[in-house]
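Now for the letters of each chain:
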Amino acid sequence: MQIAGEMRRTLRNKLDQFRPGALSKLEPVGFDSNRMRRSLPPLQTLVAFETAARLQSFTLAASELNLTQPAVSQQVKLLEHRLGVKLFRRRNNMILLTEQGEQFAEDVGELLNTLGESVQNLAPEEGRSTLTVSLLPSFASTWFASRSHRFLEANPSIDLITLSTVAKTGFGQEDADVAIRWGPGGYTDVYEEYLFGEQHMLMASARTSKAIGDVRDIQDLVGLPFIHDTNYSEWRSVIELNDGDPVDFEDGAYFGDTSATVNAVLHGNVIGVVRDVIAQHLLSTGDLVQLPFKPVKGPFSYYFICPERRVDQPRVQAFLAWLRREADSA
């Protein structure tokens, strides 16, 4: 009986802690929800830090967030104080991420992306959504640009944003939702889908092709101005496959940018070996012409990639379905 009485008194004491005004009693025994989450800094400090880290500038971050530069700087200082570590090194008018800052920026970027996706997934179906695609500049300005209007027409509720970059896609380090990349494939830790390969073709402008006439022997082209893309050696393979000697075609202009190579062939009285994917829109209009010589298959292909967690999202599925149709027609 004595033990039961003690248990009742203990229970009453515990219940008393839940009465109004008892917060000070709850805190010591761990019922403070804020204390349970004390390791999480305020969301606005994380947003300010991630934006400044991504743009490497408080001024640019302020512009993106519609805040003042001192406000962004103050949010970052609050975050550094909360964490007890320096996230940026400040030098004159520049900011540089510390080693800890670099790792934290990647983690925060991924966290905010995931949170944004969750919010977007909860939005009504009839609402607008945005899809940001990372592309290589040469692909973005040619193949993709000439076809993107068909995606917008088929998906009027999706706003499309493209990021042109040659950097390796890091979905936690940039704003891209999905990407199209050119390479050997075998990307890890992401969803990957093959789109199409490419061929290297000997081409000329329609005007130049007409001036050359009906040539059938590669040797008939020797002496014509030749455009080379310094990123690829396949032009040699094309010449050899058609019984020519690459030495006879070494003279001419060399470009380190694929788009520049295409434009040089398009606008000059020249010939050159061009990747068909990059020139496809010009081939379809007849502005560029494939000369009557065998092409060489390129070593790389184009792949759609995105984080596994995003692949089933409606906006991603809509984009992937459109890509498949375009790849099939191409």
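Please refer to the structure placed before this passage.
Residues numbered from 1 in each chain as written. Predicted model: local features only at pLDDT ≥ 70, side-chain atom pairs only at ≥ 80, totals over all residues. Heavy atoms only, no water.

A. Focus on the nonpolar core. Counting 41 residues, the largest nonpolar core has Phe-139, Ile-180, Tyr-302, Phe-304 and Phe-319 as its most contacted members. Among the elements that make up this core, the one with the highest residue count is helix α14 (residues 314-329) (7 residues). In this structure Phe-139 touches Phe-144, Ala-145, Ile-180, Phe-196, Val-277, Ile-278 and Tyr-302, once residues within four positions along its chain are discounted. Core analysis: the second largest hydrophobic core is formed by 18 residues, Val-76, Leu-87, Ile-95 and Val-108 among them. (Core = buried A, V, L, I, M, F, W, Y, C linked by side-chain atoms within 4.5 Å. Buried < 20%, exposed > 50% of the residue type's maximum accessible area, 1.4 Å probe, protein only. Helix = DSSP H or I, 4+ residues; strand = E, 2+ residues; numbered from the N terminus. Contact = heavy atoms within 4.5 Å.)

B. Focus on the environment of Ser-164. Mapped onto the secondary structure, Ser-164 falls in strand β4 (residues 158-164). Separated by 26 residues in sequence, Ser-164 and Ser-138 have C-alpha atoms that sit 8.5 Å apart. If near-sequence neighbours (up to four positions away) are discounted, Ser-164 is found in contact with Leu-135, Pro-137 and Ala-140.

C. A look at the sheet that holds β4. Spatial strand order, β4-β3-β5-β13-β6: 5 strands in an open sheet with mixed pairing. One side of each edge strand has no neighbouring strand; the edge strands of this open sheet are β4 and β6 (191-196). In this sheet, adjacent strand axes meet at a mean angle of 25° when their direction is disregarded. When strand β3 (residues 129-135) meets strand β5 (residues 178-183), the two strands line up parallel, connected through 2 bridges. (Pairing = 2+ DSSP bridges. Axes fitted to C-alpha atoms, helices over the stretch in contact; angles between N-to-C directions.)

D. Summary view of the packing of aromatic side chains. Enumeration according to the criterion identifies 21 aromatic pairs in this entry. Ring geometry for Phe-58 against Phe-88: centres 5.6 Å apart, planes inclined by 80°, an arrangement best described as edge-to-face. Taken together, the residues Phe-58 in helix α5 (residues 58-65) and Phe-88 in strand β1 (residues 88-91) connect sequence positions 30 residues apart. Relative to Trp-322, the ring of Phe-151 has its centre 5.6 Å away and its plane inclined at 65°; by these criteria the two rings are edge-to-face. Of this pair, Phe-151 sits in helix α9 (residues 148-154) while Trp-322 sits in helix α14, placing them 171 residues apart in sequence. Ring-pair connections join several aromatic residues into one group, and the members of that group are Phe-144, Phe-151, Tyr-191, Phe-304, Phe-319 and Trp-322. Lying across the ring of Trp-182, Arg-275 places its NZ or CZ 4.4 Å from the centre. (Phe/Tyr/Trp six-rings, centres within 6.5 Å; stacked < 30°, edge-to-face > 60°. Lys NZ or Arg CZ within 6 Å of the ring centre and 35° of its normal.)

E. Representation of helix α11 (residues 234-241). Buried within α11 are the following residues: Glu-234, Trp-235, Val-238 and Ile-239. End-on view of α11: buried residues confined to an arc of 150°, all on one side of the axis. Lining the buried residues of α11 we find β7 (199-205), β8 (226-229), β10 (271-275) and β12 (296-297). Trailing α11 by a residue or two, Asp-243 shows a phi angle of about 65°, which is positive. (Arc of directions from axis to C-beta.)

F. Just the pattern of salt bridges, in detail. Per the stated rule, a full pass over the model turns up 10 salt bridges. Among the ionic pairs, Glu-326 bridges to Arg-147, the shortest N-O distance being 3.4 Å. Of this pair, Glu-326 sits in helix α14 while Arg-147 sits in the loop between α8 (137-144) and α9, and the two are 179 residues apart along the sequence. The residues Glu-326 and Arg-147 share a single accessibility class, namely buried. With its nearest N and O atoms 3.2 Å apart, the salt bridge here joins Arg-236 to Glu-250. (Salt bridge = Lys/Arg side-chain N within 4 Å of Asp/Glu carboxyl O.)

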